[in-house]
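Structural overview for review
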Amino acid sequence: MKTIAILGSTGSIGTQTLEVVRANGDIRVAALSAGRNIALLEQQIREFRPRLACVWEEEDAKTLRTKLADLSVEILSGMEGLKAVAVCEEASILVTAVVGMIGIVPTIEAIKAGKDIALANKETLVTAGHLIMPLAARCGVKILPVDSEHSAIFQCLNGERQNKIDKILLTASGGPFRGRSYEKLKNVRVEDALKHPNWAMGQKITIDSASMVNKGLEVMEARWLFDVSLDQIQVVVQPQSIIHSMVQFADGAVIAQMGTPDMKLPIQYALYYPERRLLAGERLDFAKLGSITFEKPALDTFLGLSYAFEAARIGGSMPTVFNAANERAVSLFLHRQIGFTDIYAIIRDCMDHHTVISDPDVTQILDTEQSVYERIEARF
Ligand code: NDP
Ligand code: MG
């Protein structure tokens, strides 16, 4: 029996991970962690009976301890709690499904403790890929991608490890605003940006998909995960989200992974890799589908994607600036304090005013994040 721990069990990826666990019935959950949704966490603890759980605020931990006095679960809080969940002795896999750079430190601790990582949290590789990948190699742990595109690439590489990747074709849906001009993007409302055409996800990543910043973060992730140069990564818009990504090899062969848009597939693949298990759900019907179409991404409109390539090329601490500026800007947009294209303006401003640290350690990464937040706070 496999045993796992989950960071961010109350979120979109976290709850779908628990659906996969529930459907299979042969994975034990040793530890769970949530941010502030203690009502859902309580239900999850009652159902999955972890030994350990963690919430962000100590006050919430106290409330939960009282509510769960009938169980023997240990409830911790804050970063120390997240780290304890990450290194929880019984678990062999840590699912990192928290949103934000808060995922970096616990993930590093888990790798050091020899846990394989089912990685959903993008920020980890975007900001600290240069530290995480060599550390994982040294510790002999697997980084199993959960993001659908990276899982697709990982699946395309099965049996191909000895062959050099010529190109990664990273697919994008183009989001709800595909085809719009930059002018028309200026006045989009929060409700419009939250309507993703194909995927149901957490709020932050849904906005990132609408701005195509998400694709930019995925380019940065792909570069570390698959050890390719940025020039070997091409973003292809594929509006139906049927092809989850493709790999081109030296002989010109292109291998694609396809399926209906369902995050449970990449989650389950990561948990049972390399085994494929039954996953109930809709199957592709190509006759009904009729066609799969492709477009070039509109880099002049969706500036987030071109800024991401720029930040990745500069490297060092610049991807952290890109990520932190976007995170804060998305939060301001969700609170209706700025317009949609101001997200791009804020990223641009922060990137323009940053002095790059070439090979940042974790402290420098987190300090960079903080200084970006402070800059934005002072101006908005
Ligand atoms: P959600 O916003 O749905 O969930 C985030 C989770 O993180 C929740 O459990 C939340 O807890 C928890 N959390 C937030 N803040 C803290 C904190 N300070 N301490 C501890 N836990 C915290 O996000 P998603 O599930 O959509 O995304 C998670 C990660 O996976 C992101 O990095 C995203 O980019 C990536 N990803 C998501 C995909 C998707 O389909 N959703 C696809 C590919 C990647 P609570 O709700 O209790 O506050
Ligand atoms: Mg994705």
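Residues numbered from 1 in each chain as written. Chains lettered and ligands numbered in written order. Predicted model: local features only at pLDDT ≥ 70, side-chain atom pairs only at ≥ 80, totals over all residues. Heavy atoms only, no water.

Considering the coordination of the magnesium ion (ligand 2)
Taken together, D147 (OD), E149 (OE) and E218 (OE) make up the full set of protein donors to the magnesium ion (ligand 2), lying 2.1 to 2.2 Å away. Considered as a linear motif, the donors of the magnesium ion (ligand 2) on their single chain read D-x1-E-x68-E. Note on D147: relative accessible area 8%, which makes it buried. Accessibility expressed as a relative area gives 8% for E149, which makes it buried. (Donors = N, O, S within 2.8 Å, 3.2 Å for Na, K, Ca; no water. Buried < 20%, exposed > 50% of the residue type's maximum accessible area, 1.4 Å probe, protein only.)

With respect to the nonpolar core
Judged by nonpolar contacts, the single largest core of 126 residues is most densely connected at I45, F322 and F340. In this structure, I45 is in contact with L32, P50, A53, L64, L68, L71, V73 and I75, ignoring residues within four places of it in sequence. (Core = buried A, V, L, I, M, F, W, Y, C linked by side-chain atoms within 4.5 Å. Contact = heavy atoms within 4.5 Å.)

A closer look at the packing of helix α6 (residues 122–139) against helix α11 (residues 213–226)
Close contact between α6 and α11 brings their axes to 8 Å; oriented N to C, the two are set at 20 degrees. One element, α6, and the other, α11, form an angle in the roughly parallel class. Along this stretch, α6 crosses α11, giving a crossing that reads as left-handed. Counting all contacts with α6, which are made through K122, L125, V126, G129, H130 and M133, the residues of α11 involved are N214, L217, E218, M220, E221, W224 and L225. Of the residues assigned to the contact of α6 with α11, the class counts are seven nonpolar, three polar and three charged. (Axes fitted to C-alpha atoms, helices over the stretch in contact; angles between N-to-C directions. Helix = DSSP H or I, 4+ residues; strand = E, 2+ residues; numbered from the N terminus. Parallel < 35°, antiparallel > 145°, perpendicular 65-115°, else oblique. Left-handed = near helix turned anticlockwise from the far one by under 90°. Nonpolar A, V, L, I, M, F, W, Y, C, P; charged D, E, K, R; others polar.)

Considerations on the environment of L157
Looking at where L157 falls in the secondary structure, it is placed in the loop between α7 (148–156) and β8 (165–172). Among the residues examined, L157 registers a relative accessible area of 7% and is labelled buried. Between the C-alpha atoms of L157 and A84, which are 73 residues apart in sequence, the distance is 33 Å. The residues contacting L157, other than those within four sequence positions of it, are I165, F226, V247 and F249.

Observations concerning the environment of M318
Its location among the elements puts M318 in helix α15 (residues 318–334). Residue classification places M318 among the buried residues on the basis of a relative accessible area of 4%. For the pair M318 and A308, spaced ten residues apart in the sequence, the C-alpha separation amounts to 9.3 Å. Ignoring anything within four residues of it in the chain, the contact list for M318 reads A311, M351, H354 and V356.

Here we look at the sheet that holds strand β4 (residues 74–77)
Strand order across the open sheet formed by seven strands is β4-β3-β2-β1-β5-β6-β7, with parallel pairing between neighbours. Whereas interior strands pair on both sides, the edge strands pair on one side only; in this sheet they are β4 and β7 (143–145). On average, each strand axis in the sheet is inclined to that of its neighbour by 25 degrees, with strand direction left out of account. Sheet analysis places strand β3 (residues 52–55) next to β4, joined by four bridges and oriented parallel. (Pairing = 2+ DSSP bridges.)

Considerations on the side chain of H354
By the secondary structure assignment, H354 is in the loop between α16 (342–352) and α17 (362–379). Owing to a relative accessible area of 18%, H354 belongs among the buried residues under this scheme. Only 2.6 Å separates the side chain of H354 from the side chain of S317, close enough to count as a polar contact. Once residues lying within four places of it in the same chain are set aside, the contact partners of H354 are S317, M318, V321 and T368. (Polar contact = N/O pair within 3.5 Å; in protein donor to acceptor, adjacent residues only side chain to side chain.)

Remarks on helix α5 (residues 104–112)
α5 sits mainly inside the fold: seven of its nine residues count as buried. Turning to α5, its buried residues number three or more, namely I104, V105, P106, T107, I108, A110 and I111. After α5 finishes, the residue G114 shows a positive phi value of roughly 85 degrees.

Brief notes about the pattern of salt bridges
Inspection of the entire model under this criterion finds 29 salt bridges. The partner of E295 in a salt bridge is R178, and the shortest N-O contact between them spans 2.6 Å. Here E295, found in the loop between α13 (286–289) and α14 (303–314), pairs with R178, found in the loop between β8 and α8 (182–185); they are 117 residues apart in sequence, far enough to count as distant. Note on E295: relative accessible area 34%, which makes it partly exposed. Note on R178: relative accessible area 38%, which makes it partly exposed. Residues joined by salt bridges that share partners form a network here, namely K122, D147, E149, K215 and E218. (Salt bridge = Lys/Arg side-chain N within 4 Å of Asp/Glu carboxyl O.)

Observations concerning the sheet that holds strand β11 (residues 254–258)
The mixed open sheet is built from four strands, whose spatial order is β9-β8-β10-β11. Every interior strand has two partners, whereas the edge strands, β9 (233–237) and β11, have only one. Averaged over all pairs of adjacent strands, the angle between strand axes in this sheet comes to 20 degrees, irrespective of strand direction. Strand direction decides the pairing type here: β8 and strand β10 (residues 243–249), joined by four bridges, are antiparallel. Within β10, the residue paired with K167 across the bridge is Q248. Contacts from α7 reach β8, β10 and β11, with the element oriented near 40 degrees to β10.

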